[in-house]
Amino acid sequence: MPILTANLGLAGPSSITLFALSQLFTGNATPAPAAHHNGGFPKICLKCAVSKRPFSFRSVVRASVSVSGDALTKGGEEEAAVASANAANGVPYPDVAKQARWSADWKAARAYNESGLIYKGRVEGFNGGGLLVRFYSLVGFLPFPQLSPSHSCKESDKNIQEVAKGLIGSVVPVKVIQADEDGRKLIFSEKEAVWSKFSGQINVGDIFQARVGSVEDYGAFVHLRFPDGLYHLTGLVHVSEVSWDLVQDVRDILSEGDEVRIKVINIDREKSRITLSMKQLEEDPLLETLDKVIPQDGSVNSDASGTNSSSKIDPLPGLETIIQELLQEEGIEDVRINRQGFEKRVVSQDLQLWLSNAPPTDKKFILLARAGRQVQEIQLTTLLDQDGIRKALQRVLERVP
């Protein structure tokens, strides 16, 4: 009538082996104490405590957890099984059994942390910083910043405390991101669990309807809406990707709760980060400059002023020095300002030089100089090809302070 101990142990880098609890005894026989006193706990013999009064039960079953790939199964140990029998027969629950169960559950928490597997835990309460989530006999902490954005977006009229109250009793998928038994810290992340499920459904270039979450000095965090209508993942629209216009303060353009369209421009799957852009869904103002501000037929539209006489155009600040240096480069015969216009938006207050994508034609090549709303077309007469012009311009910019 033996009881075999059950412990959680690692059998390899990614597998868990269960030493199963089995052959729980039934009957009134009382074993002799000397037959099994070969170690164990020094202060109390649990088997003797149980066997002092007759009892009968069929089995004691501990919770089990299935793991994809290798098997991860959590069984109970001898002390937990006997303690359950004790409770059924009116015998007090020993502290040693409770401690053994906690120790096994901390081992399970560390296994989840190391493997990155998802655990589904029940929300038992909340405090000022997050949710309290049950993990077997332990209670862990799910900070509010680690919640999936789907909760707050679904009930946008509620504050975070009201959302948390509504989650009590529900089951949420989480990953264990910290399991410190000595410090009694068991921390969960729902965001990390949701990332595992939904990040494979997005790709660079995808366009999403989205909702603005928090707005910071450096950009805005935006929640992506998926086909199921829920907002599962969050990405960052950097201040430089909000608009082609010069943005001094993101808050002048975006506010929490705004509905926007965004484009995915980068995904860092190792760091679970998504980079988004709003401006790349708008027309590039450089194309607007080429096609509208300075029409290709040489005329100037109603929003721009210009002339084909370079003598009547004052170069943008800093441009005259660049023109003089370009004339010193071998292969460049002439540099002149052909015409100018004014853009509808400010891209940068600083002077910028833009190379034309078109190769030189009849020894002619076009540069665009931009500052504020003003744009000037610069014509180079050169023997250089497009790559040679780019290198010459780089050398000039290195010389110009």
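Quantities reported herein were computed from a predicted structural model and do not represent experimental measurements. All residue numbers refer to position in the chain's written sequence, counted from 1. Per-residue local features are limited, in this predicted model, to residues with pLDDT of at least 70; the limit for side-chain atom pairs, both in listing and counting, is 80 or more; totals at the level of whole chains, interfaces and linings are taken over all residues. No hydrogens and no water enter the side-chain calculation; it runs on all heavy atoms of the structure.

A closer look at the sheet that holds strand β10 (residues 231-238)
Pairing between strands requires that DSSP locate at least two bridges from one strand to the other. Helix and strand labels come from DSSP, where a helix needs a run of H or I of at least four residues and a strand needs a run of E of at least two; each type is numbered from the N terminus. Judged by pairing direction, the barrel is mixed, and its 5 strands sit side by side in the order β8-β9-β10-β12-β11 before closing back on the first. Between one strand axis and the next, the sheet turns by 55° as a mean value, whatever way the strands run. In this structure, β10 lies alongside strand β12 (residues 273-277), joined through 2 bridges in parallel fashion. Across the sheet, the residue bridging to leucine 236 is threonine 275, located in β12. Contacting β10, β11 (259-268) and β12, helix α6 (residues 190-198) crosses the sheet at an angle of about 95° to β10. Angles here are taken between N-to-C directions and fall from 0 to 180 degrees, while the axes themselves are lines fitted to C-alpha atoms, restricted in helices to the stretch in contact. In this description, contact between two residues means that some pair of their heavy atoms is separated by no more than 4.5 Å.

Describing the sheet that holds strand β15 (residues 364-372)
Strand order across the open sheet formed by 4 strands is β13-β16-β15-β14, with antiparallel pairing between neighbours. This sheet does not close on itself; its edge strands, each paired only once, are β13 (332-342) and β14 (348-355). The average undirected angle you get between the axes of adjacent strands in this sheet is 20°. Pairing between β13 and strand β16 (residues 374-382): 9 bridges, direction antiparallel. Residue pairing across strands places phenylalanine 342 opposite glutamine 374, the latter belonging to β16. Strands in contact with helix α8 (residues 319-326) are β13, β14, β15 and β16; relative to β13, the strand with the most contacts, it is inclined by about 155°.

Let's talk about the packing of aromatic side chains
In this analysis, rings of Phe, Tyr and Trp, with Trp reduced to its six-membered ring, are considered paired at centre separations within 6.5 Å, and the interplanar angle assigns stacked below 30 degrees, edge-to-face beyond 60, and tilted for intermediate values. Counting across every chain of the model gives 9 aromatic pairs. Considering the side-chain rings of tyrosine 119 and tyrosine 136, the 5.6 Å spacing of their centres and the 55° angle between planes classify their relative orientation as tilted. Here tyrosine 119, found in strand β3 (residues 118-126), pairs with tyrosine 136, found in the loop between β4 (130-135) and β5 (138-143); they are 17 residues apart in sequence, far enough to count as distant. The residues tyrosine 119 and tyrosine 136 share a single accessibility class, namely buried. Buried means the residue's accessible area, taken with a 1.4 Å probe over protein chains only, is under 20% of the maximum for its type, while exposed means over 50%, and partly exposed covers the values in between.

Remarks on the pairing of β16
Taken across its 9 residues, β16 has 8 buried, putting it largely inside the fold. Bridge count between β15 and β16: 8 bridges; the pairing is antiparallel. Opposite lysine 364, over in β16, you have threonine 381 as the bridge partner.

Focus on unusual backbone geometry
Outside of glycine, negative phi angles account for most residues, and trans bonds account for most peptide bonds. For aspartate 362, which is not glycine, the phi torsion reads 50° and is therefore positive. Mapped onto the elements of the fold, aspartate 362 is located in the loop between β14 and β15. For aspartate 362, a relative accessible area of 68% gives the class exposed.

Things to note about the layout of surface pockets
Only protein atoms enter the 1 Å grid used here. Points where a 1.4 Å probe fits but cannot escape make up a cavity, open sets with protein on both sides within 12 Å along at least five of seven lines make up a pocket, and a residue lines them when an atom lies within 4 Å of a point. Grid points are joined across faces, edges and corners, and a volume is the space filled by probe spheres set on the points. By volume, the largest pocket is sized at about 890 Å³. What lines the largest pocket is a set of 34 residues, among which Leu147, Pro149, Lys191, His223 and Thr234 lie closest to the centre. Counting residues per element, the ones that place at least two in the lining of the largest pocket are α4 (150-154), α5 (160-167), α6, β8 (207-216), β9 (219-225), β10 and β12. Take the lining of the largest pocket: its biggest share by element is 5 residues, from β10. In terms of residue class, the lining of the largest pocket is made up of 13 nonpolar, 13 polar and 8 charged. Any residue outside Ala, Val, Leu, Ile, Met, Phe, Trp, Tyr, Cys, Pro, Asp, Glu, Lys and Arg is labelled polar, Gly included; the first ten of those are nonpolar and the last four are charged.

A word on the side chain of serine 199
Here serine 199 shows up in the loop between α6 and β8. Here the side chain of serine 199 touches tryptophan 195 through a polar contact of 2.7 Å, landing on its backbone oxygen. In the analysis that follows, any N or O atom pair within 3.5 Å is treated as a polar contact, provided that within protein one partner can donate a hydrogen and the other can accept it, and provided that, for residues neighboring in sequence, both atoms belong to side chains.

Some thoughts on the pattern of salt bridges
A pair is scored as a salt bridge if a Lys or Arg side-chain nitrogen falls within 4 Å of a carboxyl oxygen belonging to Asp or Glu. According to the stated counting rule, one finds 14 salt bridges in the structure shown. Between glutamate 124 and arginine 134 there is a salt bridge, and its shortest N-O distance comes to 3.0 Å. Of this pair, glutamate 124 sits in strand β3 while arginine 134 sits in strand β4, and the two are 10 residues apart along the sequence. Judged by relative accessible area, arginine 134 falls into the partly exposed class, the value being 26%. By sharing partners, the salt bridges in this structure join Glu325, Glu329, Arg395 and Arg399 into a single network.

Some points on the confidence of the model for the protein chain
Each residue gets a pLDDT score, which is the predictor's confidence in that residue and runs from 0 to 100. Averaged over all residues, the pLDDT of the protein chain equals 74, while 69% of them reach at least 70. Ignoring residues within four places in sequence, the model shows residues 297-310, a span with pLDDT below 50, making 29 contacts including any to other chains.

Focus on the environment of leucine 186
On the secondary structure map, leucine 186 appears in strand β7 (residues 185-189). As a C-alpha pair, leucine 186 and alanine 109 span 77 residues in sequence and 7.8 Å in three-dimensional space. Apart from residues lying up to four places away in sequence, leucine 186 is in contact with Trp106, Ala109, Phe135, Leu138, Gly140, Phe141, Val176, Gln178 and Ala179.

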